[in-house]
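Tertiary structure, described
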Amino acid sequence: MNFSFGEYKTNVYITHELPKLSDITADFNNALIIADENTREIAKKICDKTEIAFCELKSGEENKNWQSVQTILNKAHNENLGRDCIFIAVGGGVIGDIAGFAASIYKRGCRFALVSTTLLGMVDASVGGKTGFDLFEIKNLAGTFYPALSVYMPLDALSTLPKKEFKSGLAELIKTAVLAGDDLLNDVKKMSNDTSYDLLRSCIEKAVMYKGSIVSEDPKETTGKRMLLNLGHTFGHALESACGLGSITHGEAVAWGMVRACELGTKMSITPGLRAKEIKDTIASFGYNYECPHPLAANADVLINTMKSDKKKKDGKITFIVPDTISACPVTIDLENEIDTIHNILKGGFNL
Ligand SMILES: NC(=O)c1ccc[n+]([C@@H]2O[C@H](COP(=O)([O-])OP(=O)(O)OC[C@H]3O[C@@H](n4cnc5c(N)ncnc54)[C@H](O)[C@@H]3O)[C@@H](O)[C@H]2O)c1
C-alpha cells in the first residue's frame, strides 16, 4: 500500500516476517536505529550482522519526553550522521512518535522509517505523520507532521507483545471500525473469539487503508476530515492526563472515551441509541473498563480542567467527535455553556 500525505509519500508493508535492514536502508549511506528496552531484540534481529548506530530509549509513555528526543539527537550527532541518513524506529507508538519528531528536526529534517511492533502502532500511530512528545504533563503538546518514508508491519513481532498492550491496540481498531463502517466493524467484532492470523491481518489492512485515505485528504488536520480520527480522544486524553501519563494504556483511555462520546452524542440526539449500544457492547466484549467515573480518576473537575487545556480548544470551544448513524461527526461546544452536560457525563450520571 502507498499513500501521499501532502508532499510526502509513505509505503506500507504488512508482512509475516521482520524486514531486512538492507531493504530499509537501500537508498541511504547511514542510518540510526532507535528502539526501547523491550524492542531492542527485535531491532537486533533486523540488523542481522550489519554494524549500525543504535540508540536505546527507556520504554513507556512516561518517557515520551524531550529528554528522549535529546538522547536521539545526541546519538545522531555523536555518530556524525548527516541529513542524508535515515532514522529507523523499531517499536510502538511511543518510539514512533519520538523518533519521528527527532527525525523531523535533526539537521532540519532527515528521513525516517518505522518498524511497527505493537497493534496500536500498526492500526493507527505509524501511518499519517503525527510525531511528538508529552510536555508539562500534557500529551503530545509538542510535535510535527512528518510522515515516515516507509512503514513495516511484521505481524511476527506481535508474538512478544504483552496482552495488555495488544488490548490497547484493539481500542484504536474498534475506533477505526466505528468510523469506517460495517465491513470492518463486523470483522473486529469477530476478533473477540477468533484470534486467527488471517482475520488479524485483514483487520489491520482495512484499518490502515481507512486511516491512509482519511489522512491523504487532510494531511495536516486543516479541513476537519482527519479530526474524525480523534473519536474518544478528547475524553480519553483527559483521562490519561488525570490518571498520570503512563498509568493506563492509551487504548484503555480511548475505549473509555468512546463510551463517553456515545453518551454525549446520544444526549445531543446525534448518536442513535442502538448505535451507541452496539459500540458499547463491542467495547465491553473485549473486557475494557468503561465505567464512569473511572476508578483511577473519579474527580470530574480534574478531567474538565484537563480538557480546558486541550490543544484543540479554541475560543473556549472544544470539538468532540461523536458517533452518528454510519460513522462519526464533529460537535463543537462551548465548554462553559455545556459544563453541566459534560460534568454529568464525567460523574457517571448518564446511562446509555
Ligand atoms: N502518531 C499518531 O498518529 C498516534 C496515533 C495513536 C497513538 N499514538 C501514540 O502512541 C502511543 C501508544 O503507542 P503503543 O500503544 O504502541 O505504546 P508503546 O509504544 O508504549 O508500547 C507499549 C509497550 O509495549 C512494549 N513493546 C512494543 N512492542 C513490543 C513487542 N513487539 N514485544 C514486547 N514488547 C513490546 C513497549 O516497550 C512498551 O512498553 C501513545 O503515546 C499515543 O499518543 C500516536
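The structure contained in this document is the topic of the report that follows. (Residues numbered from 1 in each chain as written. Predicted model: local features only at pLDDT ≥ 70, side-chain atom pairs only at ≥ 80, totals over all residues. Heavy atoms only, no water.)

A few points about the overall build of the protein
- Counting its regular elements, the protein contains 13 helices and 11 strands.
- Taken along the three principal axes of its C-alpha coordinates, the protein extends 60 × 40 × 35 Å.
- When the 352 residues of the protein are sorted by exposure, 56% land in the buried category.
- In the protein, the proportion of contacts linking residues at least 24 apart, taken out of those at least 6 apart, comes to 71%.
- When the accessible surface of the protein is split by element, carbon and sulfur atoms take 48% of a total near 15,200 Å².
- The protein carries 39 positive and 44 negative side-chain charges, and their two centres are separated by 2 Å. (Helix = DSSP H or I, 4+ residues; strand = E, 2+ residues; numbered from the N terminus. Buried < 20%, exposed > 50% of the residue type's maximum accessible area, 1.4 Å probe, protein only. Contact = heavy atoms within 4.5 Å. Areas by Shrake-Rupley, 256 points an atom, 1.4 Å probe, with all protein chains shown as cover. Lys, Arg positive; Asp, Glu negative; His and termini not counted. Charge placed at Lys NZ, Arg CZ, Asp CG, Glu CD.)

Concerning helix H8 (residues 197–217)
- Compared with the 30 Å implied by 1.5 Å per residue over 21 residues, the 30 Å span of H8 between its first and last C-alpha is a close match.
- Contact partners of the buried residues in H8: strand S1 (2–5), strand S2 (8–15), helix H5 (119–125), strand S9 (150–154), helix H6 (163–180) and helix H7 (182–190). (Expected span 1.5 Å × (residues − 1).)

Regarding the sheet that holds strand S5 (residues 86–91)
- Pairing in this open sheet of seven strands is mixed, and the strands run S1-S2-S9-S6-S5-S3-S4 from one edge to the other. Across the chains shown, the open sheet's two edge strands, defined by having one partner strand only, are S1 and strand S4 (53–57). Between one strand and the next, the sheet's axes are offset by a mean angle of 20°, whatever the strand orientation.
- Here S1 runs beside S2; their pairing, made up of four bridges, is antiparallel. Across the sheet, residue asparagine 2 finds its bridge partner in S2, namely asparagine 11.
- Contacting strand S3 (31–36), S4, S5 and strand S6 (111–116), helix H2 (residues 40–47) runs over the sheet at an angle of about 150° to S3.
- Here H8 sits on the sheet and contacts S1, S2 and S9; the angle it forms with S1, its principal contact strand, is near 25°. (Pairing = 2+ DSSP bridges. Axes fitted to C-alpha atoms, helices over the stretch in contact; angles between N-to-C directions.)

Examining unusual backbone geometry
- With omega at 0°, the peptide bond leading from cysteine 292 into proline 293 counts as cis.
- The residue proline 293 is located in the loop between helix H11 (273–285) and helix H12 (300–308) in this model.
- In the Ramachandran plot, lysine 107 falls in the positive-phi region, its phi being about 50° despite a non-glycine side chain.
- Looking at the secondary structure, you find lysine 107 in the loop between helix H4 (93–105) and S6.
- The phi dihedral of glutamate 137 is positive, around 65°, even though this residue is not glycine.
- Under the relative-accessibility criterion, glutamate 137 is labelled exposed at 58%.

Observations regarding the packing of H12 against helix H13 (residues 339–346)
- One way to put it is that H12 packs onto H13 with a least axis distance of 9 Å and a crossing angle of 125°. On the basis of their axis angle, the class for H12 and H13 is oblique. Relative to H13, H12 is oriented so that their crossing is right-handed. Across from Ala300, Asp301, Leu303, Ile304 and Met307 in H12, the residues of H13 making contact are Ile339, Ile342, His343 and Leu346. (Parallel < 35°, antiparallel > 145°, perpendicular 65-115°, else oblique. Left-handed = near helix turned anticlockwise from the far one by under 90°.)

Re the site of the ligand
- Surrounding the ligand, one finds 27 residues, the nearest of these being Asp36, Glu61, Thr117, Thr118 and Thr160.
- Threonine 117 is positioned with one of its side-chain polar atoms (N or O) 2.8 Å from a nitrogen atom of the ligand.
- About the coverage of the ligand: the protein hides 91% of its 860 Å² of free accessible area.
- Every element with two or more residues in the shell around the ligand is listed here: H4, H5, strand S8 (138–142) and H6.
- Residues belonging to the shell around the ligand are distributed by class as follows: seven nonpolar, 10 polar and 10 charged. (Near = heavy atom within 4 Å. Polar contact = N/O pair within 3.5 Å; in protein donor to acceptor, adjacent residues only side chain to side chain. Nonpolar A, V, L, I, M, F, W, Y, C, P; charged D, E, K, R; others polar.)

Honestly, it's all geometry; don't read function into it.
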